[in-house]
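Remarks on the overall topology
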Amino acid sequence: MADILTPALGESVSEATIAKWTKKVGDAVKKDEVLVELETDKVSLEVVSPADGTLSDIKAGEGDTVVPNTVLGVVSEGASAAPAKAAAAPKAEAKSAPAAAAPAAAAIDITVPVMGESVAEGSIGKWVKKSGDQVKKDELLVEIETDKVAVEVSAPADGVLTIADEGATVTPGQKIGSVAASGAASAPAAAAPAPAAAPANTGSAQVSGAKNETLSPAVQRVVGENNLDPKAIAATGPKGNITKADAIAAIGAAAPVAAPAAAAPAAPRADQPREERVKMTRLRQTIARRLKESQNTAAQLTTFNEVDMTNVMALRAQYKDVFEKRHGVKLGFMSFFTKAVVAALHEIPAVNAEIDGTDIIYKNHYDIGVAVGTDKGLVVPVLRDADTLSLAGIEKGIGALGKAARDGALTMDQMQGGTFTITNGGTYGSLMSTPILNAPQSGILGMHNIVQRPMAINGEVKIRPMMYLALSYDHRIVDGKEAVTFLVRVKELLEDPQRALLDL
């Protein structure tokens, strides 16, 4: 007999919740095979079998709270052959109807996958298929929206689908449907002609001729909202499927065609209700909650300065072509700002720290969050170890994160663990703002629009490209002197960019 024990859960984590058992009592198991998935308030953990044998007892069920070294279950060692013999018994008893036994054998559960650190629930989006439909193994069935990312759920096997309600709130490990995996693998082929006639009725739900005929919910949303023809969209997905990026790219291509119709609106409000109530997405709810929590928790204050962008713009204009040719990426302003911010964080470590209870945690790494606006809302992916990156490395990293954000392809790891954030309202024309802290961080830098303004330079009035900078900070940990010094340092490094490049 070998006990299955709850492992150590990590620093400051005292308990966990059982999210899912992958085996049931009586199942044969192999050593190091995953048996249990645990959820803590920080991470997800997998517990493996301590030996070959049979899972003889489950002592803590799904949803139970456990602590380190709790006995979760028991494996009877050396009995791995027993389940195989037991499985053969029903076939011997059912000699008269062996064919009937196979279809009844399996309804495989479709469960909510682990959705990442600190994500406890999600909402079921639109199902691609409906109950009773034939599905293929690994075919996309539904997206689960969380407060950070959308998680795709695929069919676990060939068979007939049974689903739960759309829009339901679910947790990791929860059953949201099942696939009756029968031996009727030929049934979908026989039924295939029927769906082939359906495009006229289903609109954007099907794509004729594509290797993967079913659009994902995210793609359906883009196609439906923009009245796109799926057949006209160039598919670049790995299985010949249309990706969200393909659909978004098609919007631009279709825009000129739609322009004449939009040029002569008869009555803009004629077919519109005076008011419309729409449920907030889970991402929007989370953005609202976290921003308000940030205001309620931190002692937020904002200090301002302005920076003369003449030298950065001249340097960029001088080298942008050769830079792009050499590195395969455009030289933008974000790399200069990131370099300046990292240098200032080195000098003023409190701005790179956070408060945890009565402790201050000083960060000796520089993971810079970059705020990105998407069609679903604001997200802040993180550029890791920015202090080790060149200007080209920063531009490539930010470019990749921005594309992933707009395509809805960010991973949980890319969204967590930032130490400081930069947000650029200037891309939308903002002249000045007071950004809200991205808790638990203690500082956020707001960039703004570059405007030609008259400035007094050595007793003369000169027209210079000026940008207002805003540093919002947590006054509980960052003093006013430190905040002002930090922002002045950023200003100095931007007005003389060679200093940042030479580490001066």
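These figures come from a predicted structure and were not determined experimentally.

1. Focus on the pattern of salt bridges
Side chains bearing opposite charge may pair, as long as their charged atoms lie close to each other. One pass over the structure, following the stated rule, counts 18 salt bridges. Residue Arg-489 is joined to Glu-347 by a salt bridge in which the shortest nitrogen-to-oxygen separation is 2.6 Å. Taken as a pair, Arg-489 in helix α12 (residues 480-495) and Glu-347 in helix α10 (residues 334-347) lie far apart in primary sequence, 142 residues in all. Since its relative accessible area comes to 43%, Glu-347 is described here as partly exposed. Here Arg-489 and Glu-492 are joined by a salt bridge, their closest N and O atoms 3.6 Å apart.

2. Quick notes on α12
Over its 16 residues, α12 runs 23 Å from end to end, which matches the ideal 22 Å to within 8%, given 1.5 Å per residue. Restricting attention to buried positions, one finds in α12 the residues Ala-483, Phe-486, Leu-487, Arg-489, Val-490, Leu-493 and Leu-494. What you see down the axis of α12 is that its buried residues fit within an arc of 155°, all on one side.

3. Remarks on the sheet that holds strand β13 (residues 150-154)
Spatial ordering of the open sheet is given by β13-β12-β10-β15, a layout of 4 strands whose pairing is antiparallel. Every other strand in the sheet has two partners, leaving β13 and β15 (169-170) as the edge strands with one partner each. Taken together, the 2 bridges between strand β10 (residues 122-124) and strand β12 (residues 140-145) define a ladder with antiparallel strand orientation. The residue of β12 that forms the bridge with Ser-123 is Glu-145.

4. A look at the packing of α10 against helix α11 (residues 391-406)
Helix packing for two helices is described by the angle between their axes and how far apart those axes are. At a minimum axis distance of 9 Å, the contact between α10 and α11 shows a crossing angle of 115°. The angle between α10 and α11 falls in the class roughly perpendicular. Crossing of α10 against α11: the hand is right-handed. Of the residues in α11, those touching α10 at Met-334, Ser-335, Phe-336, Thr-338 and Lys-339 are Leu-391, Ile-394, Glu-395 and Ile-398. Split into classes, the residues belonging to the contact of α10 with α11 amount to 5 nonpolar, 2 polar and 2 charged.

5. Quick notes on unusual backbone geometry
What is expected of a backbone is that most residues other than glycine have negative phi and most peptide bonds are trans. Residue Pro-440 is bonded to the preceding Ala-439 through a cis peptide linkage, with omega at 5°. Summarising the element assignment, Pro-440 is placed in the loop between β24 (420-424) and β25 (443-447). The phi dihedral of Asn-69 falls on the positive side, at around 75°, and the residue is not glycine. Among the structural elements, Asn-69 can be located in the loop between β7 (65-66) and β8 (71-77). Although it is not a glycine, Asp-385 sits at a positive phi angle of roughly 50°. Considering the arrangement of structural elements, one finds Asp-385 in the loop between β23 (382-383) and α11. Owing to a relative accessible area of 37%, Asp-385 belongs among the partly exposed residues under this scheme.

6. What to know about the packing of aromatic side chains
One pass over the structure, following the stated rule, counts 1 aromatic pair. Here Phe-420 and Phe-486 contribute two aromatic rings whose centre-to-centre distance is 5.5 Å and whose plane-to-plane angle is 45°, an arrangement assigned as tilted. With Phe-420 in strand β24 and Phe-486 in helix α12, the pair connects residues that are 66 residues apart, well separated along the chain. Grouping residues by exposure puts Phe-420 and Phe-486 together as buried. Arg-316 extends its terminal NZ or CZ atom over the ring of Phe-333, reaching a point 4.7 Å from the ring centre. Geometry around Tyr-468 places Arg-453 over its ring, the cationic atom sitting 4.4 Å from the centre.

7. Describing the environment of Ile-124
Tracing the backbone through its elements, the reader meets Ile-124 in strand β10. Between the C-alpha atoms of Ile-124 and Glu-145, which are 21 residues apart in sequence, the distance is 6.5 Å.

8. Topic: the side chain of Asn-438
Its place among the elements puts Asn-438 in the loop between β24 and β25. A polar side-chain atom of Asn-438 sits 3.4 Å from a polar atom in the side chain of Thr-421. Sequence-distant contacts of Asn-438, that is, excluding residues within four places in its chain, are made with Arg-290, Val-380 and Thr-421.

Parameters and conventions
- Residues numbered from 1 in each chain as written.
- Predicted model: local features only at pLDDT ≥ 70, side-chain atom pairs only at ≥ 80, totals over all residues.
- Heavy atoms only, no water.
- Salt bridge = Lys/Arg side-chain N within 4 Å of Asp/Glu carboxyl O.
- Helix = DSSP H or I, 4+ residues; strand = E, 2+ residues; numbered from the N terminus.
- Buried < 20%, exposed > 50% of the residue type's maximum accessible area, 1.4 Å probe, protein only.
- Expected span 1.5 Å × (residues − 1).
- Arc of directions from axis to C-beta.
- Pairing = 2+ DSSP bridges.
- Axes fitted to C-alpha atoms, helices over the stretch in contact; angles between N-to-C directions.
- Parallel < 35°, antiparallel > 145°, perpendicular 65-115°, else oblique.
- Left-handed = near helix turned anticlockwise from the far one by under 90°.
- Contact = heavy atoms within 4.5 Å.
- Nonpolar A, V, L, I, M, F, W, Y, C, P; charged D, E, K, R; others polar.
- Phe/Tyr/Trp six-rings, centres within 6.5 Å; stacked < 30°, edge-to-face > 60°.
- Lys NZ or Arg CZ within 6 Å of the ring centre and 35° of its normal.
- Polar contact = N/O pair within 3.5 Å; in protein donor to acceptor, adjacent residues only side chain to side chain.

Coordinates in, geometry out; function isn't part of it.
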